[in-house]
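Given next are the chains, with one letter for each unit.
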Amino acid sequence: MSCALLLLLMSWALAMRTGAAVEIQRPRGVPLSSEQFYEENKPFTCLDGFSTISFDRVNDDYCDCRDGSDEPGTAACPNGSFHCTNAGFRPAFIPSSRINDGICDCCDTTDEYNSGATCQNTCREMGRKERESLQIMAEITKEGFMLKQQLIHEAKRGQEDKQGKLTELQGSKKDLEEKVEALRTVKETAEDPEKEAKERHLKAWGEQKELIRMEKDKTRMAEAFLELDDDADGYVSVAELQSHLELDPDSDGSLTETETQVRCLPSQENNFYHTSKLQGCSPFGEIRRFESKIGDLHDSCRSNEKVWAGGLWMTTGCMNLEKEIGFDFGPSAEFAYLYSQCYELSTSEYIYRLCPFNRVSQKPKFGGSETNLGLWGQWAGPEDSLYSVMKYDHGQGCWQGPNRSTTVKLTCGKETVVTSTSEPSRCEYLMEFTTPAVCQEPASLDEVLQGHTEL
Amino acid sequence: MANFIERMCLYLVLVLSVFLSIIQAVDRSNFKTCDQSAFCSRQRAMKPGQSSYRALLETLELSDSHLTVQLLNNNNKVLLLLELYRLQGNMTRVKINELKPVKPRYEVPDVLITDPPTELMSVVAQDEHRVVLSLGGEDWRLILSAQPFRLDIMEGPQVLLSLNSRGLLAFEQLRIRKDTISHKISSTVGSMWDKIKSVFSSKSQTDTKEAGEKEDTEKHDKEKVSEGEEAEEEVDQPGMWEETFKTHADTKPNGPSSISLDFSLPGVEHVYGIPEHADGLRLKNTDGGDPYRLYNLDVFQYELFNPMALYGAVPVLLSHNTHRTMGLFWLNAAETWVDVSSGQGSSEVPQTDVRWISESGIIDVFIMLGPRPNDVFTQYASLTGTQAFPPLSSLAYHQCRWNYNDQEDVSAVDQGFDEHDIPYDFIWLDIEHTDGKRYFTWDNNKFPQPKDMLQGLLDKRRKMVTIVDPHIKVDSSYKIHTEIRSRGYYIKNKDGGDYEGWCWPGNAGYPDFTNPEMRKWWASMFAYGQYEGSMENLYTWNDMNEPSVFNGPEVTMHKDALHGPWEHRDVHNLYGFYVQMATAEGQIQRSGGLERPFVLTRAFFAGSQRYGAVWTGDNAAEWGHLKMSIPMCLSLGLVGISFCGADVGGFFKTPSAELLVRWYQAGAYQPFFRAHAHLDTPRREPWLFGPDNTALIREAVRQRYTLLPYWYLQFYHAQRTGQPVMRPLWVEYPEDIATFSIDDEFLIGRDLLVHPVTDERSSGVTAYLPGNGEVWYDVHTFQRHDGAQNLSIPVTMSSIPVFQRGGSIICRKNRVRRSSSCMENDPYTLYVALDSQGNAEGELYIDDGHTFKHETDKQFIHRRLSFTANSLSSSDLSPDSQFPSASWVEQVNILGAQKPDAVTLTTTDGGESSVEFAFDPDTAVLTLRKPGMNAGVNWTLHLR
């Protein structure tokens, strides 16, 4: 009773607000905007114009129009659609196959008028909730958008800094390369098996070593670590190396611990360059090949290695800066602040880690090594919002499957947080990430609310 | 999440890698060839010739129900007892067992629905060489010849079938072992890891090692059987007392026990059946290759066109020629091999010889004499029962994947179907939904509120299936395990301890489903109070019930494991049958006997049709597998199992969008319609391939839903008569030789002919429309075609070539909703396809769709619709039943019609009204607008 009364009142209120006369009734399921086509007691022409039928065949539970337009209020047409007014919430079209199917689809219950289903009118409640959440969203958007302006500003400054630094680095790099060239000459003579000559070189290298060490400090070698030192703890761990498949010598999709030990840890006793597998590791492949031939010169090798490592790091530093400057940080570089940052989310089993523009990884909470879920690929949103989705791919390979990859969906938020992760398909991960950088200029709240309520 | 499985898999990769590089699909070396199976190779070494058996006619006894006579093996003097039964319905049963076995031999229980009723047999003539018995009728005779023993079944002067005509009857009598060599038997039980390794790593070893091991076992002393002075010395042959395959030893405490018998079918060139094999519909000659093998096995990435055993076994073979269809049902649950050899018999008549070899048990064979295909189906159904009548919703579309990850995932997929307006009825959860592969449990993190989830589905009138496999995690904190263990319900190993094997949960026990007490207990576990989180819209899937044992020989159970007094060897092919039986029983019981169950099984045996649906196992996303789904399901239908389907899209690998669409189109016209995908494959819900493909899939699924009344009717018939739902063409056109080898198209019931597109980038198919004088109507365009022709049909991506037979009336519900339950009260549209005489006939069946009330309370509507002399009428086929249906007739389409002047409707209350109509001269379709009568009443529509 009270429900019916409420409905009556509401429809009255509606009529008043739209200024339409109370007595006009549309056929069931017809939206206000199409009302004009359904004139009572006049022949009805299907909306596709294909045929004309007498008005008593509108909503007579038999499909006469190919386009389904004669049965907006019954389930007779396979392609029909039913309009629920949903006063108090937002109006909606549902496929006419959902009319009287025993399931409440319209919050105003109008789709179930003859099925015996007992539906509650929930439009007001839903409307209230939606307004609340829209309000909250609007506030978030507003604040987020302000934060975004800040980010854009900072990004602009950072960009200039980096450009300067790069120029500087490129200069130093050139110097270093020259020195390395000099060293190469020195080294080539080291091939001389005579002990004497060898010692001489050793001495010479001792001097050069000092020189290089100074250079190294200058060029902030640490930058070279960025690529490898994923957890930013200042050390390149085995796990971190393992996650870098580009270092994988036998291309089996994983780096074994032995492989990493053999390779890239200068602190290990193993000679850094004593394997031909390492050619992908530095730009000095030729020297390395040469180097591996003179296995009896272990000591000198170890000193050499640092020279070359310095060169490598410097080069990497340059490359990093170039790379960073080359990144697409969004139309106004608003995503630049994410660079070289990492964000974690802890679930019951794993800690997920998103390092934007770098990589995504997953580490079991209770022991076990980290898994690379993908390296930065590209922006992958739809055309109209390219910067709403990030794609990370070429992660660790899956057995009988693809390499792991992660899609990161960005939504507007005041904070920069990973809010959820899932694995919809095996080895294809989905991550949700909030950041102010995707916040759009807010429309006024009134606009937002109005846009959702047709009355 | 992927990590754990990955680690497991990585291990496998390491050991398998050598092999995978050589063999793409199945690893054949995991499975025995006949040569590697000791009894098969022993038996097959025996060549056709004069039988050593003689029937001792002086021992012949004829009672009311049967005849017995002793058979003597001239060589070893062992006596067998032959029992002959003439069964009601034109069948003969032949049983051969040892007269006095040293211990009982296994006889398969529970498969026959009753002790088959017999008919009187009488001796027509008898002399010292033969006995002639009458099988009824004027000229049906059975001739029993004494020396050598053989049986011939005659119709008049014609031999229909001969038994032992090639002298391949062989019966390895049970015997006491004369010397025992125990050194081989010891040291076979290693650690679990050893076992696992052995499964895989031994692949990489060459056959020479196996051969070497075999030789070891062959070194037995000669053994003498003391059956009398005249008995020849019987020499122990390889593998009689033990056998090793790869690293798996099979101790054979009972020694050799295999049996073999041959059948000759003069005049027969086409034989079918003995599923499950990934092979064409028509059985091939096995000369020079391996026989067809029947041994339920979990075959990883099975190969096409191969006689290798697969997940299920139905030892039923059908023979067919233009005159007669017959069947052979070899009731034996042990490992079985079937040789088929077609060629010229005597006097230039084609002939097919069939030879059955089983590892243990007795010879118990039913000869079904037809003569028409439907007679054979009726005969077989009278022995093993008919297809269970499934809930209507289970004939709709099923969405499955290994795995839907969690409740949110389930809800999102459910939502996805609504958003894309694609109907579905069931969503499935594979093994990952459980708490550590402990069946009957839920992963608390992923599925914390299963009842909320099920209620959410119920609110949309949808359902769910969870997997319940028969391997039980050995874990003292797991109730199911501790109960089974404490009740002693596990299968035992040869030493008497609980048998344990490796499967999804790791170490697992296998309940002894052959034990009726165990089955009763298992059934009780499906009670709502026992299976926590279950509700009435939750159904069950039994996978891995061959049983699959990852570290067992041929990925299954050791044959010397024990089921009470019987070895696993004796019962192997029955295991899956019993698992599904117990599960279906559990579902019936939980509803107090009211609701029909729905249980899908991978393993099966003769009679499995009584318990639910089967699918063709772990196929692959390849065009060849799509094609193969047709003969595989046709073969199953021929042997009673109608509720069959293949994983739509293919289980392994990733289908192209085109393959996926084509598979949906084909699957929509196969009985069990479920999409499924492997864990490692990308998601493939129907809307993930762009709007065009989504629309194509939507349309295919919608076609399925419109035809649900027709499918339901076919299953109603299948339950009542045993006729297959999905049929080879020859079943309906038994005299049309052109149909005998067709397996790229099929019939649903009698009236729909389907030729799915199964080729990549196809621009057309050629469909054979059978029947001289028959007419066929394209169901999409209503275009009319004559029968007995090859019709070229151009196709586009939206084409699903389907034809309705002229002379039929099919009822559809064209208002497709989001699930079949939502369509319950919707009106029907009738498609009346006129034959060349202008007549048509059809039926309509309606009940509540899910209970047994159609059986218990006769609550159903079954009507005949017939169009003759320009009148279409509905009459009651079951006047003593009733069911209130809200459905009515909204439209009638008469195909091949002429334009009438007027149409009137007469109802039983005498009312007469005029019905509006429209006639399309281009298609000759007459459409009657909204006649409006209730589906459950009598009426007549007159065209004038």
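From a predicted model like this one, the values you see are computed outputs, not experimental measurements. (Residues numbered from 1 in each chain as written. Chains lettered and ligands numbered in written order. Predicted model: local features only at pLDDT ≥ 70, side-chain atom pairs only at ≥ 80, totals over all residues. Heavy atoms only, no water.)

Caption draft 1: Layout of the packing of aromatic side chains. Residue and element names in this part refer to chain B. For the structure shown, the criterion picks out 65 aromatic pairs over all chains. Arranged with centres 5.7 Å apart and planes meeting at 90°, the rings of Phe-643 and Phe-672 form a pair that is edge-to-face. One end of the pair, Phe-643, is in the loop between α12 (623-638) and β32 (644-645); the other, Phe-672, is in the loop between α13 (657-667) and β34 (673-675), with 29 residues separating them in the sequence. Each member of the pair Phe-643 and Phe-672 is classed as buried. (Phe/Tyr/Trp six-rings, centres within 6.5 Å; stacked < 30°, edge-to-face > 60°. Helix = DSSP H or I, 4+ residues; strand = E, 2+ residues; numbered from the N terminus. Buried < 20%, exposed > 50% of the residue type's maximum accessible area, 1.4 Å probe, protein only.)

Caption draft 2: Molecular detail of the pairing of strand β25 (residues 500-503) of chain B. Residue and element names in this part refer to chain B. Note: β25 against strand β26 (residues 506-509), four bridges, orientation antiparallel. Within β26, the position partnered with Gly-501 by the bridge is Ala-508. The antiparallel hairpin formed by β25 and β26 contains two residues in its connecting segment. (Pairing = 2+ DSSP bridges.)

Caption draft 3: Structural detail: helix α11 (residues 575-590) of chain B. Residues and elements named next belong to chain B. For α11, built from 16 residues, the straight-helix expectation of 22 Å at 1.5 Å per residue is met to within 8% by its first-to-last C-alpha distance of 23 Å. Where burial is concerned, most of α11 is hidden: 14 out of the 16 residues are buried. Trailing α11 by a residue or two, Gly-592 shows a phi angle of about 70°, which is positive. (Expected span 1.5 Å × (residues − 1).)

Caption draft 4: Expanded view of the pattern of salt bridges. Residues and elements named next belong to chain B. Scanning the entire structure with this criterion turns up 78 salt bridges over all chains. Salt-bridge contacts for Glu-554 lead to Arg-293; the nearest nitrogen and oxygen are separated by 2.7 Å. With Glu-554 in the loop between β27 (538-542) and β28 (562-563) and Arg-293 in strand β15 (residues 292-294), this pair connects stretches of sequence that are 261 residues apart. The exposure classification of Glu-554 matches that of Arg-293, with both residues buried. Here Asp-495 and Lys-494 are joined by a salt bridge, their closest N and O atoms 3.4 Å apart. Salt bridges sharing common partners tie together Asp-250, Arg-293, Glu-335, Glu-359, Glu-554, Lys-559, Glu-567 and Arg-569. (Salt bridge = Lys/Arg side-chain N within 4 Å of Asp/Glu carboxyl O.)

Caption draft 5: Region of the structure containing the confidence of the model for chain A. Residue and element names in this part refer to chain A. On average, residues of chain A score 76 in pLDDT, and 65% of them are at 70 or above. In the model, residues 1-23 has pLDDT below 50 throughout and makes ten contacts with residues more than four positions away in sequence or in other chains. Segment residues 220-226: pLDDT under 50, and eleven contacts once partners within four positions in sequence are set aside and those in other chains are kept. (pLDDT = per-residue confidence, 0-100. Contact = heavy atoms within 4.5 Å.)

Caption draft 6: Examining helix α6 (residues 407-419) of chain B more closely. Residues and elements named next belong to chain B. A rise of 1.5 Å per residue sets the reference length of α6, with its 13 residues, at 18 Å; its end C-alpha atoms lie 18 Å apart and thus fit the reference within 8%. The set of residues buried in α6 consists of Gln-407, Asp-409, Val-410, Val-413, Asp-414, Gly-416, Phe-417 and Asp-418. If you follow the buried residues of α6, they end up packed against β21 (397-399), β22 (426-429), α7 (450-459) and β23 (463-467). Looking one or two residues past α6, Asp-421 carries a phi angle of roughly 55°, positive in sign.

Caption draft 7: Empty space enclosed by the protein, seen in detail. Residue and element names in this part refer to chain B. Tallied over the entire structure, the rule returns 14 cavities of 30 Å³ or more. Estimated volume of the largest cavity: approximately 120 Å³. Lining the largest cavity are 14 residues; nearest its centre among them are Lys-32, Phe-245, Asp-250, Pro-553 and Lys-559. At the level of secondary structure, the elements contributing two or more residues to the lining of the largest cavity comprise β11 (242-245) and β12 (248-251). A class-by-class count of the residues in the lining of the largest cavity yields five nonpolar, four polar and five charged. Here the second largest cavity defines a volume of roughly 70 Å³. Lining the second largest cavity, in full, are Gly-273, Ile-274, Pro-275, Glu-276, His-277, Asp-279, Gly-280, Leu-281, Leu-283, Tyr-292, Met-632 and Ser-635. (1 Å grid on protein atoms, 1.4 Å probe; cavity = no way out; pocket = protein on both sides within 12 Å on 5 of 7 lines; lining within 4 Å. Points joined across faces, edges and corners; volume = space filled by probe spheres on them. Nonpolar A, V, L, I, M, F, W, Y, C, P; charged D, E, K, R; others polar.)

Caption draft 8: Here's a closer look at the packing of α12(B) against α13(B). Residues and elements named next belong to chain B. Axis separation between α12 and α13 bottoms out at 10 Å; the angle between their running directions is 5°. With respect to their mutual orientation, α12 and α13 come out roughly parallel. Seen from α12, the contacting residues are Trp-623, His-625 and Leu-626; seen from α13, they are Glu-658, Leu-659, Arg-662, Trp-663 and Ala-666. (Axes fitted to C-alpha atoms, helices over the stretch in contact; angles between N-to-C directions. Parallel < 35°, antiparallel > 145°, perpendicular 65-115°, else oblique.)

Caption draft 9: Spatial organisation of the UniProt feature "domain: Glycosyl hydrolase family 31 C-terminal" (unreviewed entry) in chain B. The residues that UniProt annotates with the feature "domain: Glycosyl hydrolase family 31 C-terminal" (unreviewed entry) are residues 722-810 of chain B. Split by type, residues 722-810 of chain B is 4% helix and 38% strand. Its first and last C-alpha atoms lie 21 Å apart. (UniProt positions renumbered as here; feature names shortened; annotations may be inferred.)

Caption draft 10: Broad picture of the sheet that holds strand β10 (residues 405-412) of chain A. All names here are of chain A. Taken together, eight strands build an open sheet; the order of strands is β5-β6-β7-β8-β9-β10-β12-β11 and the sheet is mixed. The open sheet has two edge strands, β5 (343-346) and β11 (417-425), and neither has a second partner. Ignoring which end each strand starts from, the neighbouring axes of this sheet average 25° apart.

Caption draft 11: Focus on the sheet that holds strand β43 (residues 808-812) of chain B. Residue and element names in this part refer to chain B. The sheet built from eleven strands is open, its strands ordered β50-β49-β53-β47-β46-β45-β43-β44-β48-β52-β51 with mixed pairing. The open sheet terminates on both sides in strands that have one partner only, identified here as β50 (912-914) and β51 (916-920). Taken pair by pair, the neighbouring strands of this sheet meet at an average axis angle of 20°, ignoring direction. Examined bridge by bridge, strand β45 (residues 840-846) and strand β46 (residues 861-868) share seven bridges and lie antiparallel to one another.

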